[in-house]
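Understanding the architecture of this molecule
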Amino acid sequence: MSNTIEAGTIVGGPVNNDTVNMAQVQTSRKGFCSVRHGLALILHLCNLSISTQQMNMSIALPVMVNNTALPSSPNASTERPPIDSQDNWNETLNESKAVAAVYDWSPEIQGIILSSLNYGSFLAPIPSSYMAEVFGTRYLSGTCMFITSVLALFTPLAADTGVTVLIVLRVIQGIVQVALLTSQYSIWARWAPPQERSQLITIAIAGSVLGCFIIFLVGGYLCQTIGWPYVFYIFGGIGCVCSFLWFAVIYDDPVNHPFISTREKDYIVCSLAQEGSPPGWSLPTKAMIKSLPLWSILIFYFSDYWHFFVQTSYLPTFITSVLQANIRDSGILSALPFASACICLVPGGLLADFLLSRKILRLNTIRKLFTAIGVLLPAVLFTSVFWVRSSFSTTIAFLTISSAIKSFAQSGALVNFMDIAPRYSALLRALSQIFSYLAGAISPTVNGFLISQDPELGWRNVFLLSAAVGVLGLIFYLIFGQAEVQDWAKCRHAPASERTE
């Protein structure tokens, strides 16, 4: 069982406001040169690696097969390139075939291969949150990081062995990745002071956005120059390195970290003392089901990831088929929105923490303000894309600015579960992932149907539906969302009828 921080005590004596304030002033001088920010950086690199491993098959698959027409392939265009770039596309395929194996997989098999990564996603989040408490986040997440990276290295061999082996490998890889993405949030329940929570978490999750940008930017180039297997070898190798860094730097709590200073350790423990210790196996199930603040977060996760899956699944298709960009430029242009989001993600977290630390705004106001900014302005820009599509530069600018502003929601509702129930952070992250994957299962299917019904007006309906889902999720969150620790999440003994052992 991982060690936990005792609420109400620190190394050397009881908690009091003067001690907290003094420790906070002393520690603030260290800025980003602290162990907790080092942990955020390691998590950033690990999330970057996981993101590239999640998307590398989508980039490599078009050059792995003879038939590149993939009607519902996420992250890859389903349209053929324009006539003037057809020769370049054929040349690219020929170069790729010369340096790597090519398979006769039907479009149906290709769709199964792409979606197999998510087959176990609905089953893994909640068990992994409990496993993080049993085995410790350090060992569980570090082991998962190493396993998924090794599986990425063996992907080309699995493809040569047979399609069944490849699908099984990706199912296992998907389950392991979900366990890693879920359990890592237990780290912040013990390491992130409330006034720094936004910046530390946004630093960590910015790696996922940066990973999307990198794989879009260089994945196609690697496939056409040195061969598609190296997309798996390179990013799998990077993941192995990240797993070694994880075990060297990451510890479950600051009390047991060998390199942390006493001053920083006392500051973190004091800051978190009033939030309670991790819950163990006790869970207030009925109270959680009745909690509207919790439901507001989960519903917003669904609405936000609806937009995310529209962007990752159909943006390359839109750029290729509507904007008439060639297949090579499509990857670079699709990467620009992720680049802008990555650039704005961390400053958004810093701004949220600044407003909180200076007591300019209350935490509840900050969460709702940043969420509203991250939904309303991007919804207007994203919807307008259909009507400005005749201007190539304006369309790309709208998409890029939309993603940049949308990153503000990461410091709003998307991190709010750490505020209302820090003791149950891993479990709530697991629940939010289930709603995210639910959006991922529905959004591409519905939008693909809209586009197939009308190739031109279908895009308008896709953008309008995405904006409508986002605004509805925002309205529900603004009405019922809160940022205070809920009664059911406080360190107390709930009635036996409300607990699941």
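If you check an unreviewed UniProt entry, the protein appears there as Solute carrier family 17 member 4 from Ovis aries.

Ranked by internal contacts, the top residues of the largest apolar core, which has 116 residues, are Met-64, Trp-105, Trp-188, Trp-228, Leu-428 and Trp-488. Dropping the residues within four chain positions of it, Trp-488 is found in contact with Pro-284, Ala-287, Met-288, Ser-291, Leu-294, Ala-421, Tyr-424 and Leu-428. One finds Ala-352, Leu-355, Leu-356 and Phe-370 within the second-largest nonpolar core, a separate group that totals five residues.

Applying the stated rule across the entire model yields 22 aromatic pairs. Look at Phe-386 and Trp-387: their rings are 5.2 Å apart centre to centre, the planes differ by 85°, and that puts the pair in the edge-to-face class. Looking at Phe-386, the relative accessible area reads 6%, which means it is buried. Grouped by ring-pair contacts, the aromatic residues Tyr-301, Tyr-305, Phe-308, Phe-309 and Phe-417 constitute a single cluster. For Arg-389, the ring lying beneath its charged end belongs to Phe-386, and the centroid distance is 4.1 Å.

Under the definition given, this model contains five salt bridges. Glu-196 is paired through a salt bridge with Arg-36; the nearest N and O atoms lie 2.5 Å apart. Here Glu-196, found in the loop between α9 (185–191) and α10 (197–225), pairs with Arg-36, found in helix α2 (residues 35–64); they are 160 residues apart in sequence, far enough to count as distant. With relative accessibility at 1%, the residue Arg-36 sits in the buried group. With a closest N to O distance of 2.9 Å, Glu-264 and Arg-36 form a salt bridge. Of the two residues, Glu-264 is situated in helix α12 (residues 262–272) and Arg-36 in helix α2; the sequence distance between them amounts to 228 residues. One connected set of salt bridges, linked through shared partners, spans Arg-36, Glu-196 and Glu-264.

Residues Ile-226, Tyr-230, Tyr-233, Ile-234 and Ile-238 make up a contiguous nonpolar surface patch of about 400 Å² in total accessible area. With respect to the helices, strands and loops of the structure, Ile-238 is situated in helix α11 (residues 229–249).

Here the focus is the environment of Ala-441. Considering the arrangement of structural elements, one finds Ala-441 in helix α19 (residues 425–453). The partly exposed category is assigned to Ala-441, whose relative accessible area is 42%. Taking the C-alpha atoms as reference points, Ala-441 and Ser-115, separated by 326 residues in sequence, lie 9.3 Å from one another.

Bringing unusual backbone geometry into the picture now. At Lys-359, a position not held by glycine, the phi torsion is positive, near 55°. On the secondary structure map, Lys-359 appears in the loop between α15 (327–357) and α16 (363–384).

This part covers the packing of α16 against helix α20 (residues 457–480). For the pair α16 and α20, the least separation of the axes is 9 Å and the interaxial angle reads 165°. With respect to each other, α16 and α20 are oriented roughly antiparallel. Seen along the crossing, α16 lies across α20 with a hand that is left-handed. Between α16, through Arg-367, Lys-368, Thr-371, Ala-372, Val-375, Leu-376, Ala-379, Phe-382 and Thr-383, and α20, the contact on the second element is made entirely by Phe-463, Leu-464, Ser-466, Ala-467, Gly-470, Val-471, Leu-474, Tyr-477 and Leu-478. Of the residues belonging to the contact of α16 with α20, the class tally is 12 nonpolar, four polar and two charged.

Inspection of every chain in the model, using the stated rule, returns zero disulfides. Considering cysteine sulfurs only, Cys-46 is the nearest to Cys-242, which forms no disulfide, with 4.8 Å between them.

When the terminal C-alpha atoms of helix α6 (residues 137–153) are compared, their 24 Å separation across 17 residues agrees well with the 24 Å that a helix rising 1.5 Å per residue should span. Looking only at α6, the buried set comprises Thr-137, Arg-138, Leu-140, Ser-141, Gly-142, Cys-144, Met-145, Thr-148, Ser-149, Leu-151 and Ala-152. Where α6 is buried, its residues contact α2, α5 (125–135), α7 (155–161), α8 (163–183), α9 and α11.

The residue Ser-51 is located in helix α2 in this model. Relative accessible area serves as the criterion here: at 3%, Ser-51 is assigned to the buried category. In this structure, Ser-51 is in contact with Ser-208, Gly-211 and Cys-212, ignoring residues within four places of it in sequence.

Reading guide: rules and limits
- Starting from 1, residues in each chain are numbered consecutively following that chain's sequence as written.
- Only residues with pLDDT of at least 70 get local features here, since the model is predicted, and only at 80 or more are side-chain atom pairs given and counted; chain-wide, interface and lining totals rely on the full set of residues.
- To get the side-chain values, all heavy atoms of the structure are used, and hydrogens and water are removed first.
- Throughout, nonpolar core names a set of buried Ala, Val, Leu, Ile, Met, Phe, Trp, Tyr and Cys residues whose side chains join them through atoms within 4.5 Å.
- Burial classification: accessible surface area is computed with a 1.4 Å probe over protein chains only, and a residue below 20% of its type maximum counts as buried, one above 50% as exposed, and the rest as partly exposed.
- Whether two residues are in contact is decided by their heavy atoms, any of which lying within 4.5 Å being enough.
- What counts as a ring pair is set by centres within 6.5 Å for rings of Phe, Tyr and Trp (its six-membered ring), and what kind of pair is set by the plane angle: stacked under 30 degrees, edge-to-face over 60, tilted for all other angles.
- As a reminder, the over-ring test applies to NZ of lysine and CZ of arginine, requiring each to be within 6 Å of the ring centre and within 35 degrees of the ring normal.
- Salt bridge criterion: a side-chain nitrogen from Lys or Arg within 4 Å of a carboxyl oxygen from Asp or Glu.
- The helix and strand labels rest on DSSP assignments: H or I over at least four residues marks a helix, E over at least two residues marks a strand, and numbering proceeds from the N terminus.
- Residues with no salt bridge and a relative accessible area higher than 30% make up the patches, which join like charges within 9 Å and nonpolar side chains (Val, Leu, Ile, Met, Phe, Trp, Tyr) within 5 Å.
- Accessible surface is estimated by sampling points in the Shrake-Rupley manner with a 1.4 Å probe; for residues, cover comes only from the protein chains shown.
- Lines fitted to C-alpha atoms define the axes here, with helix axes fitted over just the stretch in contact, and angles between the N-to-C directions of these axes take values from 0 to 180 degrees.
- Between 65 and 115 degrees an angle is taken as roughly perpendicular, under 35 as roughly parallel, over 145 as roughly antiparallel, and anywhere else as oblique.
- Note on convention: the crossing is left-handed when the near helix lies turned anticlockwise from the far helix by less than a right angle, right-handed when the turn is clockwise.
- Amino acids are sorted into nonpolar (Ala, Val, Leu, Ile, Met, Phe, Trp, Tyr, Cys and Pro), charged (Asp, Glu, Lys and Arg) and polar (every other residue, Gly among them).
- We call a pair of cysteine sulfur atoms a disulfide whenever their separation is within 2.5 Å.
- To estimate the expected span of a helix, subtract one from its residue number and multiply by 1.5 Å.

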